[in-house]
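Residue strings, one per chain:
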Amino acid sequence: MERLQKIIAQSGVASRRKAEQLIVAGRVKVNGRTVSELGTKVSPGDDISVDGVLLEKERLVYFLLYKPVGVISSRKDERNRKTVIDLIKGVSERIFPVGRLDFDTSGALLLTNDGELANRLMHPRFEIDKTYIAKVEPIPTREQLRRLASGILLDDGMTAEAKVQMITSNKEKGFASVELTIHEGRNRQVRRMFAALNMEVLKLKRVRYGSLNLDGLSAGESRPLKPHEVKMLYHLANREKQ
Ligand code: URA
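Residues numbered from 1 in each chain as written. Predicted model: local features only at pLDDT ≥ 70, side-chain atom pairs only at ≥ 80, totals over all residues. Heavy atoms only, no water.

## Side note on the sheet that holds strand 5 (residues 48-50)
Item 1. In spatial order, the strands read 3-2-5-6; together these four strands make up an open sheet with antiparallel pairing. The open sheet has two edge strands, strand 3 (33-34) and strand 6 (53-54), and neither has a second partner.
Item 2. Two strands pair when backbone bridges link them, and strand 2 (residues 28-30) and strand 3 are joined in this way by two bridges, in the antiparallel orientation. Bridged to V30 within strand 3 is R33. (Pairing = 2+ DSSP bridges. Helix = DSSP H or I, 4+ residues; strand = E, 2+ residues; numbered from the N terminus.)

Take a look at the structure:
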């Protein structure tokens, strides 16, 4: 979401200052309604008109990034560390990550300028599945796996049911790889779920986000989504679960 005056200025119709005057004068409509308040936020998909003439909309773009470890999942970092935006070259649209992966987590991250889709995908109501592979220490017991699956009490409440599967375990070294599919998106949720069971996550990778996986990408690489993939995400984001 961006301020209306900024979007008008970016479209080239008027300077930022002139755009503010147009808004206050009641000459701007958003989705058919006059908006005369400065600071109103709009998304790239909104219809904005000035004196009845529609502004050209920014093209909606969608990218899947294989986020490497050591990169920040935001547009900017106050400590000037590399961000996921720095990894996607040659895009003039103002894309942003849909949700976030920790600095030390790798894997599938969607970036777009489609605010409406992003909001839906991030809303817990739509329960988009996210699958992680966690390398953990020590090796979880069956009872601990059962607890991960049925729900764990964290400081922000019980986690919802999850799908859990042990992938490999190394008895000599005392660690295991566990696949975990959750549909919530709480901060550092996977690490906190294991921590609640006195386990440490040594490595964490998101291998699937909704209908998207990392096939064909190496860490640091991205690709535009195909039209049918965008359609599928819209489908997932429209499907409310009970
Ligand atoms: N859970 C975490 O703990 N970290 C992530 O980056 C994503 C999910």
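## A few points about unusual backbone geometry
Item 1. Geometrically, the link from E137 to P138 is a cis peptide bond, its omega value of -5 degrees lying close to zero.
Item 2. Along the polypeptide, P138 turns up in the loop between strand 10 (130-137) and helix 4 (142-150).
Item 3. Positioned with a positive phi, N198 is a non-glycine residue whose angle comes to about 60 degrees.
Item 4. Within the secondary structure, N198 is located in the loop between helix 5 (189-196) and strand 15 (200-209).

## Concerning the site of the ligand
Item 1. Surveying the vicinity of the ligand reveals the residues L101, D102, T105, Y132, R188, Q189, V190, R191 and L204.
Item 2. One nitrogen or oxygen atom from the main chain of Q189 is found 3.5 Å from an oxygen atom belonging to the ligand.
Item 3. Between R191 and the ligand, the recorded distance is 3.0 Å, taken from a backbone N or O atom to an oxygen atom.
Item 4. When residues in the shell around the ligand are grouped by element, the largest group, three residues, is from helix 5.
Item 5. A class-by-class count of the residues in the shell around the ligand yields four nonpolar, two polar and three charged.
Item 6. Here the shell around the ligand spans two domains, and each of domain 2 (62-124 + 212-237) and domain 3 (129-209) adds at least three residues to it. (Near = heavy atom within 4 Å. Polar contact = N/O pair within 3.5 Å; in protein donor to acceptor, adjacent residues only side chain to side chain. Nonpolar A, V, L, I, M, F, W, Y, C, P; charged D, E, K, R; others polar. Domains from an automatic or database assignment.)

## Some thoughts on the packing of aromatic side chains
Item 1. Using the criterion set out here, one finds zero aromatic pairs in the structure.
Item 2. One residue, R81, lies across the ring of F103, its end atom 5.1 Å from the ring centre.
Item 3. The ring of F175 carries the charged tip of K135 above its face, separated from the ring centre by 4.3 Å. (Phe/Tyr/Trp six-rings, centres within 6.5 Å; stacked < 30°, edge-to-face > 60°. Lys NZ or Arg CZ within 6 Å of the ring centre and 35° of its normal.)

## Structural notes on the nonpolar core
Buried together is how nonpolar side chains tend to be arranged in soluble globular proteins.
Item 1. Membership of the largest hydrophobic core comes to 31 residues, with the highest contact counts inside it found for V136, L148, L180 and F194.
Item 2. Of all the secondary structure elements, the ones that give two or more residues to this core are strand 7 (62-67), strand 9 (105-112), strand 10, helix 4, strand 14 (175-182), helix 5 and strand 15.
Item 3. For this core, the element with the most residues is strand 14, which contributes four residues.
Item 4. Each of domain 2 (62-124 + 212-237) and domain 3 (129-209) accounts for three or more of the residues forming this core.
Item 5. Once you skip the residues sitting within four places of it in the chain, F194 turns out to touch A134, V136, L148, V178, L180, M199 and V201.
Item 6. Listed in part, the 19 residues of the second largest apolar core include Y62, L64, Y209 and L217. (Core = buried A, V, L, I, M, F, W, Y, C linked by side-chain atoms within 4.5 Å. Buried < 20%, exposed > 50% of the residue type's maximum accessible area, 1.4 Å probe, protein only. Contact = heavy atoms within 4.5 Å.)

## Notes on the pattern of salt bridges
Item 1. Throughout the structure, instances matching the rule amount to 15 salt bridges.
Item 2. One salt bridge connects E2 with R94, and the closest N-O pair in it is separated by 2.2 Å. Residue E2 is located in strand 1 (residues 2-3), and its partner R94 is located in the loop between strand 7 and strand 8 (96-97); the two are separated by 92 residues in the primary sequence.
Item 3. The class of E2 is buried, set by a relative accessible area of 13%.
Item 4. Where R81 meets D77, a salt bridge forms, and the shortest distance between an N and an O atom there is 2.9 Å.
Item 5. The exposure class assigned to R81 is partly exposed, which follows from its relative accessible area of 26%. (Salt bridge = Lys/Arg side-chain N within 4 Å of Asp/Glu carboxyl O.)

## What about the domain arrangement of the protein chain?
Item 1. Structurally, the protein chain comprises domain 1 (2-54), domain 2 (62-124 + 212-237) and domain 3 (129-209).
Item 2. Domain 1 and domain 2 are separated by 28 Å when their C-alpha centres are compared.

## Topic: the pairing of strand 10
Item 1. With seven bridges connecting them, strand 10 and strand 14 associate as antiparallel partners. Among the inter-strand pairings, K130 is bridged to a residue of strand 14, identified as I182.
Item 2. In this sheet, strand 15 lies alongside strand 10 in antiparallel orientation, the contact comprising eight bridges. If you follow I133 over to strand 15, its bridge partner there is K205.

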